[in-house]
Amino acid sequence: MSLKSGFKYFLLSLLLLLPVSAFAKERAPWVKVNSEAELPDFEQIHDQEKKEILIAINESLSYLSRKSSKFHFPKNGITHERTLKSLLRFKELLGSSISPQELNKKIKDEFVLYKSIGREDKKGVLFTGYFEPVYEGSLSKNETYQYPLYKIPADLVLNKKNKVQGRRTKKGDITPTYWTRQDIDEKGVLKGKGLELVYLDNPYDVYLAQFQGSVAVKLPDGSVKRYGYGARNCSTVGFSLAMELFKDGRLTKKELLPSIIAKHFYKHPGELPQYLQKNPSYVFFVERKKGPMGALSVFLQGERAISTDNRLFPKSALAFVDLKLYKNKKNHPFKKFVLNQDTGGAVIGPGRCEIFFGTGEKAYAKAADMFSVGQLYFLFLKEDS
């Protein structure tokens, strides 16, 4: 990864530390695109892309088929039914034998686009990338593997929208907050309760698994277990490990690359707790039969799934990203149909979106290069369609 990529992460660190106010309910996170001249071009879809999009659409449809999905609608005037019909019609269009030009015309004729209002500077949406890491681990604790990923505790009280309501005490009362990261990591309040799913060999890898929201773990017998986001202990807040290291003079701006940050904590593991305690958010996992899986418990297709603020945008909805990716000293167009299938603690407001790139080192390299300001559109069938 280049130093330019490292500087990108530094800028992102600054962004994530800015205070985030509650998004005004009366202010919509998007605007309707009324002029045909403002619509993006959709003619670049080729056959392989169609296959990828169809896989992602089917995952969104599986989510919408669950009764529980209806609790998250309507969202900014978009109903569950309209989201479902939009995906079914788009799937039908992709499965037809029409030309790219005809497909482009039908999309523009039948669908209405809503464009995210983006950041406050009105320059667009900041896009970054994420991936599923692969680590070695063990289902039992031993001298090598000592750091657990925990499953969702029984005393964590969640509402129907998976939001934390507090902690249920032994008396049956509900406290307004759950155990903090310090309670869990340092005081060990969850130890011995049978909540350990798997053990990793480094606490920094546990943190990265929590940060990415999913992880594949290779066990000693060669088999692979997958774990995805289940819940968290509290509402998320902006936190940047990179920025904290920079503020303390532990790393320079040019050293704020993910690989260098990892090496720093592998070399100085004793420093990690003091930094992580500044981040109250703690992620609990669930085992997945397949993966990678996002917050909607659906398979995430590389470069076809995005993570947005789920308070603002309809879950599982069809979207389109339009941006330019700077690589090898050139700007490369990055225009893709994607599905809104995930969310994350760093994805707050209408001006942030993360693109999922897949599993392992190649996905990591692509995710690390993704740092660009562009446009995010959501597509829904017109009301009379």
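Refer to the structure printed above.
For clarity, every value in this text was computed on a predicted model and none was experimentally measured.

1. Quick notes on the sheet that holds strand 7 (residues 164-168)
Taken together, three strands build an open sheet; the order of strands is 6-7-8 and the sheet is antiparallel. Whereas interior strands pair on both sides, the edge strands pair on one side only; in this sheet they are strand 6 (156-158) and strand 8 (174-175). With two bridges connecting them, strand 7 and strand 8 associate as antiparallel partners. Following the sheet pairing, Arg 167 is matched in strand 8 by Thr 175.

2. A look at the side chain of Asp 342
Of note, Asp 342 is situated in strand 15 (residues 330-342). One buried charge, Asp 342, has no salt-bridge partner; the nearest side chain with opposite charge is Arg 288, at 8.1 Å. Once residues within four sequence positions are removed from consideration, Asp 342 is found in contact with Tyr 130, Gly 294, Ala 295, Leu 300, Ile 306, Ser 307 and Thr 308.

3. Looking at the pattern of salt bridges
Close approach of charged atoms lets side chains of opposite charge pair. A full pass over the atoms with the stated rule returns 19 salt bridges. Residues Glu 287 and Lys 225 are paired through a salt bridge, measuring 3.1 Å at the closest nitrogen-oxygen approach. Here the residue Glu 287 occupies a position in strand 12 (residues 283-288), and Lys 225 occupies one in strand 11 (residues 224-232), the gap between them amounting to 62 residues. Arg 311 serves as the salt-bridge partner of Asp 309, at 2.6 Å between the closest nitrogen and oxygen. Asp 309 sits in the buried class, given a relative accessible area of 4%.

4. Considerations on the environment of Met 370
Considering the arrangement of structural elements, one finds Met 370 in the loop between helix 10 (360-369) and strand 17 (371-381). When its relative accessible area of 2% is taken as the criterion, Met 370 is described as buried. For the pair Met 370 and Phe 357, spaced 13 residues apart in the sequence, the C-alpha separation amounts to 9.6 Å.

5. Overview of the packing of helix 3 (residues 80-94) against helix 4 (residues 100-110)
When two helices pack together, you describe them by how their axes are tilted relative to each other and by the distance separating the axes. The contact between helix 3 and helix 4 brings their axes to 11 Å, and the two run at 165°. By the angle class used here, helix 3 and helix 4 are roughly antiparallel. Crossing angle aside, the handedness with which helix 3 passes helix 4 is right-handed. Touching Arg 89, Phe 90, Leu 93 and Leu 94 of helix 3 are Leu 103, Lys 106, Ile 107 and Glu 110, all from helix 4. Looking at the contact of helix 3 with helix 4 residue by residue, the classes come out as five nonpolar, no polar and three charged.

6. A few points about the sheet that holds strand 10 (residues 214-218)
As summarised here, the arrangement of the six strands in space is 5-9-4-10-11-12, forming an open sheet in which the pairing is mixed. Among the strands making up the open sheet, the edge pair consists of strand 5 (147-150) and strand 12. Neighbour-to-neighbour, the strand axes of this sheet turn through a mean angle of 45°, independent of strand direction. Here strand 4 (residues 134-138) runs beside strand 10; their pairing, made up of three bridges, is parallel. Its bridge partner being in strand 10, Glu 136 is matched across the sheet by Lys 218. This element, helix 6 (residues 203-212), spans strand 4, strand 5, strand 9 (196-200), strand 10 and strand 12 of the sheet and lies at about 20° to strand 5.

Cut-offs used in this document
- Residue indices follow the written sequence of each chain, beginning from 1 at its first position.
- Selection of residues for local features in this predicted model requires a pLDDT of at least 70, selection of side-chain atom pairs for listing and counting requires 80 or more, and totals for whole chains, interfaces and linings are taken over all residues.
- Side-chain calculation: all heavy atoms of the structure are included, whereas hydrogens and water are not.
- The pairing criterion for strands is at least two bridges between them, as found by DSSP.
- To qualify as a helix, a DSSP run of H or I must reach at least 4 residues; to qualify as a strand, a run of E must reach at least 2; elements of each kind are numbered from the N terminus.
- Exposed residues in this analysis have more than 50% of their type's maximum accessible area, buried residues have under 20%, and partly exposed residues fall in between, with area computed by a 1.4 Å probe over protein chains only.
- Note on charges: Lys and Arg go in the positive column, Asp and Glu in the negative column, and His and the chain ends are not counted at all.
- A pairing counts as a salt bridge when a side-chain nitrogen of Lys or Arg comes within 4 Å of a carboxyl oxygen of Asp or Glu.
- Any two residues whose heavy atoms approach within 4.5 Å at even a single point are treated as in contact.
- Lines are fitted to the C-alpha atoms to define the axes, a helix being fitted only along its stretch in contact, and any angle between axes, read from their N-to-C directions, falls within 0 to 180 degrees.
- Here the angle decides the label: under 35 degrees means roughly parallel, over 145 means roughly antiparallel, 65 to 115 means roughly perpendicular, and every other value means oblique.
- Helix crossings are classified by the rotation of the near helix relative to the far one: an anticlockwise turn of less than a right angle makes the crossing left-handed, while a clockwise turn makes it right-handed.
- When residue character is reported, Ala, Val, Leu, Ile, Met, Phe, Trp, Tyr, Cys and Pro are called nonpolar, Asp, Glu, Lys and Arg charged, and the others, Gly included, polar.

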